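Coordinates in review
The chain contents come next:
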Amino acid sequence: MGWGNIYKRRMKVFTLTFLIYLDYKALQQREKLTRKSKRDGLWEKAHERNAKRVLKLIVELEGLWVKMGQYLSTRADVLPEAYIRLLRQLQDSLPPRDLEEVCSTIEKQLGKSMNDLFSNFVSVPLATASIAQVHRATLHDGQEVVVKVQHEGIKTIILEDLKNAKSIVDWIAWAEPQYDFNPMIDEWIREAPKELDFNHEAENTRKVSRNLGCKSEGHDKKPDHVDVLIPKVIQSTEKVLILEYMDGVRLNDSRALEELGVDKQKLVEEITRAYAHQIYVDGFFNGDPHPGNFLVSREPPHRPVLLDFGLTKLLSSSVKHALAKMFLAAAEGDHVALLSAFAEMGLKLRLDMPEQAMEITNVFFRATTPATEALETVKNLSEQREKNMKIIQEKMKLNKKEVKRFNPIDAFPGDIVIFSRVLNLLRGLSSSMNVRISYLNIMRPFAESVLKSDMNHGPSSNPKWVYDGPVHSDVEAKLRQFLVDLGNADRILGIQVCAYKDGKVIIDTAAGVLGKYDPRPVQPDSLFPVFSVSKGVTAGMVHWLVDKGKLKLDENVANVWPEFGTNGKDQIKVNHILNHTSGLHNALANISEEDPMLFCDWDECLKRIAMVAPETEPGREQLYHYLSYGWLCGGIIEHASGKKFQDVLEEAFVRPLNIEGELYIGIPPGVESRLATLTIDMNDLARSAPKLDATRSSAISNALPSSFTFESVSSFIPLSNTLNVRRAILPAANGHFSARALARYYATLVDGGVVPPHHSSSSLPPLGSHPHRPMFPSKKTSINQKDRRKKDSSGSTSPDSDVYIRIPNTEDTSDEVDTKIFTNTKTKLHDAFMGSGDFEDLIFPGGRFGLGFRRVRTADGSVIGFGHSGLGGSTAYCDIHNRFAITVTLNKLSFGALTGEIIRFVCSELDLPVPEEYAGSRFAETPVIN
C-alpha cells in the first residue's frame, strides 16, 4: 500500500469522524428548540444515518476498523439499536478475497501445492474477517479441517489503522475530555500486532485448550471444569493456520439456535464461566469474545465452541490476584480491599472517593440486561456519572469547565484494559442474546479459588514465608525458626515481632501473609490493627503534654475542657481518666445500637461524651474504659494543646522518632495497600470463652466493658476491617502500627524519652521512608495525557513523581546528637507512667493500671515495666530494669495464647523475667483482653 493510499485512507477516517461529531453536536443544539415528543425521533434518525456511514466506511477500508465495528456491534447494553443492527453484519463475513490470492499464500507458507496438501478445498469461504479468510478443506487422511489464511498486505494496513485510531482518540480526549480512551487504545496498539502471527495464535489455542481441559474425559474433570470445545491445531505458519473442523452454528443465528432447542441462558453462562476460568484461574485469556468468535455445536448438549485466540492476554500472578481481590471487594462492599486491589494493579486515583470507586466498580461487574433495555441502561449510567462528577466538582472545588476536563484516574494499568474489554464484550453478547447474566454469581467461585489457592503456601512450602530481612541477633534467628514451626501448625496467619535491648534493635521479623484472602507477604512496614495497644500511645500523648506544661495529672478535666464539667463530672481529674477510675467506663458503649457508624464521628462523640454522667464516684473503682478512654483522652489532648489529635501525635512522636507512615490512629487515604486484614482463630476463641466466663468475678473481668461478650467478636472483627472504621479517630482501639514503629516508641520510653539511633536501614523499606500523609496528584490534568505520563515496563502509566514513597535519608548517622522527647528524668517519667513513687496517690491501689499504661508484673507481683495489650493478642511493653522493649502484632486473633508463647520464647532466650499474664503454659493461660 503506497503513501497515496495511506493518505487517502487516513483522510476518509478523519473526515467521517469529524462529520459524525459535528452532526451530534448540532443535534444537541437543535434538541433544545424541539418539543420533547419529537426529540427521540431526531436522535433515532441521527443514529441511523451515522451508523450507515460507519458501516459503509468499515466495509470499504476493512482492516482494523472491522474489529472496531465488531466490538461496537456487541455493545447492545449501551449503544443505540441502529448501530447494533447495522454493524452486526460485520460479525458474519466481509466480501471474500480472490481465491488465487488465498491459494498463493497457502502454497508459499506451507511449501507444497494445493493438491499435495488437500484432497478437497472448498473455494467458497466459510467466513471473511478483518485479518484472514477461512475455508473448509479435507486432508489426504480424510480429516475435515478449516484453513485460516491471512490477507495479503494486511499487516501494513493494520499498523496504519492503529496510528489513525490513536490520533482520533487523542482528538476526542481534547474535544471531550471526559471521554479519554487513551489507555484502551495504547493497550490495543501493543497487543493487536500479535494477531498477525498465526504461530502465536496456534500456541495460544493449545494453551487455552489445555487450561480448560477441553480434551479431558469425564473422570479427569476438575470441580471448576467448564464445558466448552476448542478446535485442535493441525499445522501453523506465520500466515496460515489449519484447525480441526467443528460442525456448529453461529452464536448470532437465532433461528438455528431455536431449531436446535439451545438454552441461550445456559449457553452464555457457560461462556462466561469459561472466561472466568481463563482470567482468574489461568491468568491467560482470549481478549476478543465477540459473537463471530463462537460456534454452538450441533450435537447435544450443544456446547459453545471457542474460536480465534490471536488476541490473548497473560496476567502476572500479582495482577491476577489483584483482579480477583477487586471482584470480591465489589461483591462484599469492602472498600479497603478495593483500594488495596487498585494499588496492587497500579490503578491510581487523583482523589479520595472510596464510595464512588466502589459504585463504579459495581457498575463494571453489574449484571447484564437485554438489548431491549439498552436505552434505560444508558440513561441510568449517564445519570450516575453526572452525579459522581458533581461530587468531584464539590470536593475538588472545580468550575464547570474544569470538571469537564478533570480525569479522576491518574494511572490506568495496561493489564486491565483487555480485561475490561472482555467484560464489556461478554456483557454485549448477553444483551444481544436477550439473557441476563449475574457476573457476581458466576465468576465469584473462580475469583475465590485464586485467593484460596494462593493461601495454601505455609512455611513448609514457601521459603519466603518469613520476610527476607537482616538477622540482628542469634535470638532473632532462633525466633524465626520458632515462628516457622508455629506457622506449619497453622497458628500464624501474619505476624511482626520487633524488640530493642539496650537501645539497639535485636529483633525485626515479619512473616506470613496480610490476610486470609490476601496472600501478599507481611513486610516490616505493613500496618496491623492493634486495638487497645493504641491506648499506650494515647497515654503517652497526655504525658507529653504534661511534660510540656500544657496540663497537670491531678488537674480537673473541666479546667482544660469546660464543656466536660457537666452532669457530675466536675471532680473528674486527668489521672482518673488515665487510671480507668473516672466512672465513665460504659460511656457511649451502646452508641452503635443507635447508628453503627456513629462512633466513627470524632466530633460528635467528643460532644456526646462531654454530656454523659459517671456511674461511680471518681477514684473509687477501677473499671476498664474500653472505648470511652479514647474519646476522654482525645478530648483532653485537643483542648489542652489547641490542636487536632492527629497533629499532636505527629508532632509528639511520629516525626521525632522518624516513624512516618507506620504509626497511625485513624489511617489516611493512600496506605490501604499496606493494611493487614483481621481474622479470628476460632479454635483459640472456643478455648478462651469458657475461661473468661469462669473468671468474670476476677480482675480480668475489669479488662472488659460490661457490654462486651465473646459472641460479639465474630461481628466486631469484620466491622474493624471496614474503611470507615479504619479511618476513624478512635484513640482507645484503632491504632494501625507496624511492630518496628511501636517498638521504637517503647524503646524511647524505656530510656526516659531518648530516641534510639536510626533503625537499621538494611530492613527494607527503611523505617520512616513513607510520607505520613500521602498526597494525591494535582487536580490539574494536562490536555495531552501522553505529555505528562511515562510508561513502565508493564505498559501501565504513572505520574512523573512518586507521591507514595519518599526517598529516605541515607547519610551517615554515626555522629548524630541524641533526641529527647521528654524533659523529665527517666525515673520520674517511669513513675508517672506506672503510678509509682511520687505518683502513687494518683492511682487506684493494687490496680492493673498505672497512669494510662498497664503495669507489667512478674509472677511474684514485682512491677518491672509498663505497656498495653489489645484484643486478639497484639501487645507492646517495656522492661525498665533491663532496657528491653518488645512488640508483637498479629492479624489472626489468638486472644493472647500465641503472643504468650512468643514472649516466653524471647524472654527465655534473653534470660529476662516473663510478664505474669504470659508466664503460664499455652493451655492454662487466661486470655488477655485489655
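What counts as what
- Residues numbered from 1 in each chain as written.
- Predicted model: local features only at pLDDT ≥ 70, side-chain atom pairs only at ≥ 80, totals over all residues.
- Heavy atoms only, no water.
- Helix = DSSP H or I, 4+ residues; strand = E, 2+ residues; numbered from the N terminus.
- Buried < 20%, exposed > 50% of the residue type's maximum accessible area, 1.4 Å probe, protein only.
- Contact = heavy atoms within 4.5 Å.
- Areas by Shrake-Rupley, 256 points an atom, 1.4 Å probe, with all protein chains shown as cover.
- Phe/Tyr/Trp six-rings, centres within 6.5 Å; stacked < 30°, edge-to-face > 60°.
- Lys NZ or Arg CZ within 6 Å of the ring centre and 35° of its normal.
- Pairing = 2+ DSSP bridges.
- Axes fitted to C-alpha atoms, helices over the stretch in contact; angles between N-to-C directions.
- Parallel < 35°, antiparallel > 145°, perpendicular 65-115°, else oblique.
- Left-handed = near helix turned anticlockwise from the far one by under 90°.
- Nonpolar A, V, L, I, M, F, W, Y, C, P; charged D, E, K, R; others polar.
- pLDDT = per-residue confidence, 0-100.
- Core = buried A, V, L, I, M, F, W, Y, C linked by side-chain atoms within 4.5 Å.
- Salt bridge = Lys/Arg side-chain N within 4 Å of Asp/Glu carboxyl O.
- Polar contact = N/O pair within 3.5 Å; in protein donor to acceptor, adjacent residues only side chain to side chain.

**What about the overall build of the protein?**
A tally of helices and strands in the protein yields 33 helices and 27 strands. Every one of the 930 residues in the protein was classed for burial, and the buried ones make up 57%. In the protein, the share of contacts with a sequence separation of at least 24, taken over all contacts with a separation of at least 6, comes to 72%. Accessible area for the protein stands at about 38800 Å²; split by element, carbon and sulfur atoms hold 52% of it.

**So, the packing of aromatic side chains**
Taken as a whole, this structure holds 21 aromatic pairs when the rule is applied. Between Phe118 and Phe121, the aromatic rings sit 5.5 Å apart at their centres with planes inclined by 45 degrees, giving tilted as the arrangement. With relative accessibility at 18%, the residue Phe121 sits in the buried group. Geometrically, the ring pair formed by Trp602 and Phe645 is tilted, given 5.8 Å between the ring centres and 55 degrees between the ring planes. One end of the pair, Trp602, is in helix 24 (residues 602–609); the other, Phe645, is in helix 26 (residues 645–654), and 43 residues separate them in sequence. A single burial state applies to Trp602 and to Phe645, both of which are buried. Chaining the aromatic ring pairs together yields one cluster made of Phe653, Tyr745, Tyr746, Phe822, Phe833, Phe853 and Phe866. One residue, Arg136, lies across the ring of Tyr245, its end atom 3.8 Å from the ring centre. When the ring centre of Phe564 is taken as origin, the NZ or CZ atom of Lys569, which lies over that ring, is 5.1 Å away.

**What to know about the sheet that holds strand 26 (residues 884–890)**
Spatially, 7 strands are ordered 16-15-14-26-25-24-23 in an open sheet, and the strand pairing comes out antiparallel. Whereas interior strands pair on both sides, the edge strands pair on one side only; in this sheet they are strand 16 (518–521) and strand 23 (854–857). On average, each strand axis in the sheet is tilted by 20 degrees relative to the strand beside it, whichever way the strands run. Of the pairings in the sheet, the one linking strand 15 (residues 504–515) to strand 16 comprises 2 bridges and is antiparallel in character. If you follow Gly515 over to strand 16, its bridge partner there is Asp518.

**Considering the packing of helix 20 (residues 534–547) against helix 25 (residues 628–641)**
Each packed pair of helices is defined by two parameters, the angle between the axes and the distance between the axes. Put simply, helix 20 and helix 25 touch, their axes get as near as 10 Å, and they point 30 degrees apart. Relative to helix 25, the element helix 20 lies roughly parallel. When the axes of helix 20 and helix 25 are compared, the crossing they make is left-handed. Judged by residue contacts, Lys535, Thr538, Ala539, Met541, Val542 and Leu545 of helix 20 engage Tyr629, Cys633, Ile637, Ala640 and Ser641 from helix 25. Broken down by class, the residue content of the contact of helix 20 with helix 25 amounts to 8 nonpolar, 2 polar and 1 charged.

**Concerning the sheet that holds strand 18 (residues 663–665)**
Strand pairing in a sheet is mediated by backbone hydrogen bonds. Such pairs are either parallel or antiparallel. Sheet architecture is open: 3 strands sit in the order 17-20-18, paired in antiparallel fashion. The sheet is open, and its two borders are formed by strand 17 (528–529) and strand 18, each paired with just one other strand. One ladder, built from 3 bridges, connects strand 18 with strand 20 (residues 735–737); its direction is antiparallel. What sits directly across from Ile665, in strand 20, is Gly735.

**Re the confidence of the model for the protein**
Averaged over all residues, the pLDDT of the protein is 83; the fraction at 70 or higher stands at 82%. A low-confidence stretch, residues 692–706 stays under pLDDT 50, and its non-local contacts, those more than four residues away or across chains, total 22 contacts. Across residues 779–816 the pLDDT falls below 50, and counting only partners more than four positions away or on other chains, this stretch makes 67 contacts in the model.

**Some details on the nonpolar core**
Phe653 and Tyr746 are the most contacted members of the largest nonpolar core, which totals 90 residues. When residues in this core are grouped by element, the largest group, 9 residues, is from helix 30 (residues 739–750). With sequence-adjacent residues up to four places away left out, Tyr746 is seen in contact with Gly536, Phe853, Phe866, Gly867, His868, Ala876, Tyr877, Cys878 and Ala885. Among the nonpolar cores identified, the runner-up in size contains 70 residues, and Val228, Leu315, Val336 and Ile416 belong to it.

**Comments concerning the environment of Lys325**
On the secondary structure map, Lys325 appears in helix 12 (residues 317–332). Put simply, Lys325 and Phe342 are 17 residues apart on the chain and 9.2 Å apart in space, counted from C-alpha to C-alpha.

**Describing the pattern of salt bridges**
This structure, assessed with the given rule, holds 40 salt bridges. The residue Arg883 makes a salt bridge to Asp751 at a minimum N-O spacing of 2.8 Å. Here Arg883, found in the loop between strand 25 (875–879) and strand 26, pairs with Asp751, found in the loop between helix 30 and helix 31 (785–788); they are 132 residues apart in sequence, far enough to count as distant. Residues participating in the shared-partner salt-bridge network are Glu48, Lys52, Glu81 and Arg85.

**Quick notes on the environment of Gln109**
Its location among the elements puts Gln109 in helix 5 (residues 99–110). For Gln109, a relative accessible area of 26% translates into the label partly exposed. Through-space distance from the C-alpha of Gln109 to that of Ser236 is 9.0 Å; in sequence the pair is 127 residues apart. Excluding its chain neighbours within four sequence positions, the residues that come into contact with Gln109 are Thr237, Glu238, Lys239 and Val240. In terms of polar contacts, Gln109 uses its side chain to reach the side chain of Thr237, at 2.7 Å.

**Describing the side chain of Thr875**
Here Thr875 lies in strand 25. With a relative accessible area of 0%, Thr875 lands in the buried category. Not counting the four nearest positions on each side in its chain, Thr875 is found in contact with Val533, Arg854, His868, Ser869, Ile886, Thr887, Val888, Thr899, Ile903 and Tyr918.

**Quick word on unusual backbone geometry**
Here the amide bond leading from Pro300 into Pro301 is cis, since omega sits at 10 degrees, within 30 degrees of zero. Inspection of the secondary structure assignment puts Pro301 in the loop between strand 9 (294–297) and strand 10 (304–306). Positive phi, close to 60 degrees, is recorded for Asp490, a residue that is not glycine. If you trace the backbone, Asp490 turns up in the loop between helix 19 (474–488) and strand 14 (494–501). Note on Asp490: relative accessible area 54%, which makes it exposed. Backbone geometry places Arg883, a non-glycine residue, at a positive phi of 45 degrees.

**Brief notes about the environment of Met834**
Along the chain, the position of Met834 falls in helix 32 (residues 826–834). You can call Met834 buried: its relative accessible area is 5%. Here the alpha-carbon distance between Met834 and Gly850, two residues 16 residues apart in the chain, equals 4.2 Å. Setting aside its immediate chain neighbours within four residues, Met834 contacts Ile843, Gly850, Leu851, Arg855, Val863, Gly865, Phe866 and Ile880.

**Points about the pairing of strand 25**
With 5 of its 5 residues buried, strand 25 lies for the most part within the structure. Burial along strand 25 is two-sided: Thr875, Tyr877 and Asp879 facing one way and Ala876 and Cys878 facing the other are all buried. Pairing between strand 24 (residues 863–869) and strand 25: 5 bridges, direction antiparallel. Across the sheet, Gly865 pairs through a bridge with Asp879, a residue of strand 25. Connecting the antiparallel pair strand 24 and strand 25 is a turn made up of 5 residues, with Gly872 showing a positive phi of about 105 degrees. Sheet topology places strand 25 next to strand 26; 5 bridges connect them, and they run antiparallel. Each bridged residue has a counterpart across the sheet, and for Thr875 the counterpart in strand 26 is Val888. Joining the antiparallel neighbours strand 25 and strand 26 is a turn of 4 residues, in which Arg883 adopts a positive phi near 45 degrees.

**Considerations on helix 26**
Along helix 26, 7 of the 10 residues are buried, which leaves the element largely enclosed by surrounding structure. Lining the buried residues of helix 26 we find helix 20, helix 24, helix 25, strand 18 and helix 30.

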